[in-house]
Amino acid sequence: MSTTPAVICLDLGGSFVKLGVMDAQQQLTILDQQKIPADSWPDFTALVSRMIQQHQLHFSTDSPLAISTAGIVAPDSGEMFASNIPAFHQRNLSQALGELLQRKVIVHNDADCFTLAEAQAGVGKGHKVVFGAIIGSGVGGGLVADGRIITGQNGLTGEWGHGPITLTEVDIEGETIRLPRQPCPCGQKGCLDSYGGARGLENLHRTLHDVNASSLDIIAGWQQQEVQANRTIQVWLQLVSQPLAYTINITGASLVAVGGGLASVTALMEALNEEVQRYVLRSTQHPLVVPGAFAHNGGMIGAALLARQVA
Ligand SMILES: [Zn+2]
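Since this is a predicted model, take the numbers as computed values, not measurements.

Novice: Just to check I follow, could you spell out the nonpolar core for this structure?
Specialist: One broad trend across soluble globular proteins is that nonpolar side chains are buried collectively. Residues Trp160, Trp236, Leu244, Leu268, Leu272 and Val276 are the most contacted members of the largest nonpolar core, which totals 43 residues. Listed by contribution, the elements that provide at least two residues to this core are strand E8 (129-135), strand E9 (139-145), strand E11 (169-172), helix H5 (198-209), helix H6 (215-223), helix H7 (227-251), strand E13 (255-259) and helix H8 (266-279). Take this core: its biggest share by element is 10 residues, from H7. Of all hydrophobic cores here, the second largest spans 30 residues; its members include Leu10, Phe59, Ile85 and Leu101.

Novice: Looking at this structure, I do not really get the domain arrangement of the protein. What am I missing?
Specialist: Buried accessible area, meaning the area lost when the parts come together, often serves as the stated size of an interface. Annotation of the protein at the domain level lists domain 1 (7-113 + 297-310) and domain 2 (125-291). In this assembly, 10 residues from domain 1 lie in contact with 12 residues from domain 2. Of the roughly 860 Å² buried where domain 1 meets domain 2, counting both sides, 58% is carbon and sulfur surface. Inspection of the domain 1/domain 2 interface yields zero salt bridges. The interface formed by domain 1 and domain 2 contains one residue pair in polar contact (both at pLDDT 80 or more). Broken down by secondary-structure element, the contributors of at least two residues to the side of domain 1 that touches domain 2 are strand E5 (72-73), helix H3 (110-121) and helix H9 (298-310). With three residues, H3 is the single largest residue contributor to the side of domain 1 that touches domain 2.

Novice: Help me understand the sheet that holds E8, please; the structure alone is not making it clear to me.
Specialist: Taken in spatial order, the five strands make up an open sheet running E10-E9-E8-E13-E14, and their pairing is mixed. For this open sheet the edge positions go to strand E10 (148-149) and strand E14 (289-291), each flanked by a neighbour on one side alone. Note that E8 and E9 share seven bridges and pair antiparallel. By the bridge assignment, Gly132 is partnered in E9 with Gly142. Against the sheet, H8 engages E8, E13 and E14, with an angle of about 165° to E14.

Novice: In this structure, what is going on with the packing of aromatic side chains? I would like to understand it.
Specialist: How two aromatic rings sit relative to each other is set out by the distance from centre to centre and by the angle between their planes. With the rule as written, the count across this model stands at two aromatic pairs. Ring geometry for Trp41 against Phe44: centres 5.9 Å apart, planes inclined by 35°, an arrangement best described as tilted. Pair noted here: Trp41 and Phe44 are both in helix H1 (residues 41-54), with a separation of three residues, about one helical turn. For Trp41, a relative accessible area of 18% puts it in the buried group. Here Phe44 falls in the buried class, since its relative accessible area comes to 0%. Pairwise contacts between aromatic rings join Trp41, Phe44 and Phe88 into one cluster.

Novice: Would you mind going over the pattern of salt bridges with me for this structure?
Specialist: For side chains of opposite charge, pairing can occur when their charged atoms come near one another. Across all of its chains, the model carries five salt bridges by this definition. The shortest N-O distance in the salt bridge between Asp193 and Arg199 comes to 3.0 Å. Residue Arg278 is joined to Glu275 by a salt bridge in which the shortest nitrogen-to-oxygen separation is 3.1 Å. Residue Arg278 and its partner Glu275 are located together in helix H8, separated by three residues, close to a single helical turn.

Novice: Help me out: how do you make sense of the pairing of strand E4 (residues 65-69) in this one?
Specialist: Across a regular strand the side chains alternate sides, sitting on one face of the sheet and then on the other. Of all five residues in E4, five are buried, a share of seventy percent or more. Sheet analysis places strand E1 (residues 7-12) next to E4, joined by five bridges and oriented parallel. Bridge assignment links Ile8 to a residue of E4, and that residue is Leu65. As paired strands, E4 and strand E7 (residues 105-109) are joined by five bridges and run parallel to one another. By the bridge assignment, Leu65 is partnered in E7 with Val105.

Novice: What is the right way to look at the coordination of the zinc ion in this model?
Specialist: Bound to the zinc ion are the protein donor atoms His162 (ND1), Cys184 (SG), Cys186 (SG) and Cys191 (SG), situated 2.1 to 2.3 Å from the metal. Coordination at the zinc ion is tetrahedral, judged from the four donor atoms that bind it and the angles of 105 to 117° they form at the metal. The sequence pattern formed by the donor residues of the zinc ion is H-x21-C-x1-C-x4-C. Here His162, found in the loop between E10 and E11, pairs with Cys186, found in the loop between strand E12 (175-178) and helix H4 (193-196); they are 24 residues apart in sequence, far enough to count as distant.

Novice: What is the right way to look at H6 in this model?
Specialist: Every buried residue of H6 is listed here: Ser215, Ile218, Ile219, Gly221 and Trp222. Here the buried residues of H6 occupy an arc of 160° about the axis, which is enough to place them on one side. Looking at H6, the residues exposed on the side facing more than 90 degrees away from the buried face are Leu216 and Asp217. Where H6 is buried, its residues touch H5, H7 and H8. After H6 finishes, the residue Gln225 shows a positive phi value of roughly 55°.

Novice: Please clarify how the sheet that holds E4 should be interpreted in this entry.
Specialist: Remark on secondary structure: sheet strands pair via backbone hydrogen bonds, oriented parallel or antiparallel. Across the sheet, which stays open at both edges, the five strands sit in the order E3-E2-E1-E4-E7 with mixed pairing between neighbours. Two strands bound the open sheet, and with one partner strand each, they are strand E3 (28-35) and E7. Taking each pair of neighbouring strands and ignoring which way they run, the sheet shows an average axis angle of 20°. Pairing of E1 with strand E2 (residues 16-22) involves six bridges; the strand directions are antiparallel. Bridge pairing links Leu12 to Val17 in E2. The strands that helix H2 (residues 93-101) touches are E1, E4 and E7; relative to E7, the one it contacts most, it runs at about 150°. In this fold H3 packs onto E4 and E7, with an angle of close to 95° to the strand it touches most, E7.

About the criteria used
Residues numbered from 1 in each chain as written. Predicted model: local features only at pLDDT ≥ 70, side-chain atom pairs only at ≥ 80, totals over all residues. Heavy atoms only, no water. Core = buried A, V, L, I, M, F, W, Y, C linked by side-chain atoms within 4.5 Å. Buried < 20%, exposed > 50% of the residue type's maximum accessible area, 1.4 Å probe, protein only. Helix = DSSP H or I, 4+ residues; strand = E, 2+ residues; numbered from the N terminus. Domains from an automatic or database assignment. Contact = heavy atoms within 4.5 Å. Buried area = accessible area lost by both parts, 1.4 Å probe. Salt bridge = Lys/Arg side-chain N within 4 Å of Asp/Glu carboxyl O. Polar contact = N/O pair within 3.5 Å; in protein donor to acceptor, adjacent residues only side chain to side chain. Pairing = 2+ DSSP bridges. Axes fitted to C-alpha atoms, helices over the stretch in contact; angles between N-to-C directions. Phe/Tyr/Trp six-rings, centres within 6.5 Å; stacked < 30°, edge-to-face > 60°. Donors = N, O, S within 2.8 Å, 3.2 Å for Na, K, Ca; no water. Tetrahedral: all angles 85-135°; square planar, octahedral: opposite > 155°, others 65-115°. Arc of directions from axis to C-beta.

Next comes the structure, spelled out in structure tokens:
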């Protein structure tokens, strides 16, 4: 009788390599975490080989390796775009690691993987179209339809954080607040990314009040109804909810699973859902915008599910 092999899972971030295993019952166990040698390909491959070797009792020879990473994979060439991890930037990671480890290797963007995990096994289960909105230090996204990741041109999909779209005027309690469209590292001006994630929230607070505060302090201040923090969050909700509502109108998603650090702030997610429901063409009885079930390790779970899909 054939059995489903365990999937070896790797999460490659800007500062760490995390190793896990997904068993036949789709349970993920984290086995190891190491600092990533982000600048050296030989050191990086040696570390990955050693980590898998050290935990080989958990895997079989036909276990595929599923990698979730902050980088983007070009669909035609397999080449990585991961400027913050030079070790494998512009390399064909799946091919090179596959030859080195003599295993099937799949590599995919972590926001896409998170969205697949949520659509198949998390808060998006049962929904035909699920949008994954990453609101971490920056803003990213992924799209899953009929249980499959939609991979767009150059590997990009669901990038609702980029484009010259932010509002330049927001009305809060009868007062009009004007906001500059700020330059974004992507080369455009006015991207949601400059105000949308935790880094953006801090930038917004500075822009509005000329005060430096951490995103955690701003959120805590909002929850304590502190005037400046409250103002910042009210403006933030306007800036983020409209592009997200627009994204829902375009994709037809019936559920947005939120990942990234700000997803863990339940009250903020409830307020965001309320705002988004005001702006979508058709609001829903069920919450549209909800924190994902796999805030931690959703990327690894999704990569493993993807490896099973393509096996
Ligand atoms: Zn941008």
